[in-house]
Structure formats: structure tokens, C-alpha cells
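# Structural overview
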Amino acid sequence: MASNAITATNLANWIPEFWSARVLADTEAALVCVPRVDRRFEAELKFGDTLNIPWLHNMGDASTGASTADITLYDTVQNTTQLIVNYWYYKAVGVDDRNAAQSRPDYLASALQKLSYSIALMMDSKVNALFGFTNTVGTEGSALTDDVLIAAKEYLDLANAPYTERSLLLDPESVTDLMKIDKF
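### A word on the overall build of the chain
Within the chain one finds five helices and two strands. Pairs at least 24 residues apart make up 72% of the contacts formed inside the chain by residues separated by at least 6 positions. If you sum the accessible surface of the chain, you get close to 16,600 Å²; carbon and sulfur atoms cover 56% of it.

### Quick look at the pattern of salt bridges
For the coordinates displayed, the defined rule picks out six salt bridges. Residue E42 is joined to R39 by a salt bridge in which the shortest nitrogen-to-oxygen separation is 3.0 Å. On the basis of relative accessibility, which here comes to 41%, the residue E42 falls in the partly exposed class. Looking at R39, the relative accessible area reads 32%, which means it is partly exposed. Between D157 and R166 there is a salt bridge whose closest N-O contact spans 2.9 Å. Put simply, K153, D157 and R166 are held in one network by salt bridges that share partners.

### Focus on the nonpolar core
Counting five residues, the largest nonpolar core is built from L144, V148, L149, L178 and I181. Those residues within four positions of L178 in sequence are excluded, and the remaining contacts are L144, L149, L170 and F184.

Calculation notes
Residues numbered from 1 in each chain as written. Predicted model: local features only at pLDDT ≥ 70, side-chain atom pairs only at ≥ 80, totals over all residues. Heavy atoms only, no water. Helix = DSSP H or I, 4+ residues; strand = E, 2+ residues; numbered from the N terminus. Contact = heavy atoms within 4.5 Å. Areas by Shrake-Rupley, 256 points an atom, 1.4 Å probe, with all protein chains shown as cover. Salt bridge = Lys/Arg side-chain N within 4 Å of Asp/Glu carboxyl O. Buried < 20%, exposed > 50% of the residue type's maximum accessible area, 1.4 Å probe, protein only. Core = buried A, V, L, I, M, F, W, Y, C linked by side-chain atoms within 4.5 Å.

This is the structure:
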């Protein structure tokens, strides 16, 4: 009978080792502002371009006139909003040829999603900073209440904001406050 057992150190050389074909990635938070802005013009622009966006004022009350009268044309001053494409963000990674050939998980394909999210998160932050609210409700650090929500809706109604263009953007603390209100 043998008295010298094979040690764990020597056995370790014979235990197979595998690499998963899947890569774990952090779960991404949902973007907030970028999905809520009009980006139809994006494909036509490149860095350094200026986009002029004309917009129409309300034309005022309609007037009545006899069907035989000449038409009076209404003229109002119209404005243009300029959008200057002056941000350029990137995030890059690389893998040398030797490691790319040896690596079973497709690192670059997995990293692409993470890199894209990094850029999208920067875009979301920049778009969020562009919102210039003139009517604000509530107080930072105070609980979100029915009165605050009703006041916010009232400001939107007074501004004739289209219902299809409205969004409610809340920070995590406000979502917690909403969960404490029974109707939500």
C-alpha cells in the first residue's frame, strides 16, 4: 500500500480549466432625456454643422369676413432656434492580434455595447443640461406630493404643451415618494 498521496499542487496541473463563451456585463441604467428629444435631423448632420430650426408662433384669434371680401393675410414674426453640432465623444478599447486569436469569448463584440452605452450616457447628460426650465415646482430634498404634481401639470396646461410631447422625469427619491402615495 502506498503511503505518499499525490498532493493538491501536483493534481492542479490535471484539473481542466474552461473559459465561458459568454461575457458578464453590468446592467445598464435606462437613458432618460435622449429618447425624449426629436432626433430626426441627426442623420443629415456632421460635426461642426449648424442646424436652423424655424418655429411658428400662435397666429392669434381667427377673424370672420364676408365671402366676397378680399383675404387679409396674417404676418407674424417667426423665430429660428440654432443647434450647433459641437460635441464629439468617443470611447475606445483594443485587443492585440495574439490575444484576439487566443481568446474564445468575443471581447470586442461584448465591449462594443459597453462603449456605446458610455457615449449614450454622456449624450444623455449633455441633453439633460440643455433643459432650461422657467417654471419649476417642488423643493429639492422635500417629498414629492400631490400638490407638486398638480402644479407641474398646471404649468404644462398653461403653456399649451401637447399631451403627446409630455414626459415626467423623476429622480429615484421622487419615485420613492410616489410609491408612498396610495393612488400610485
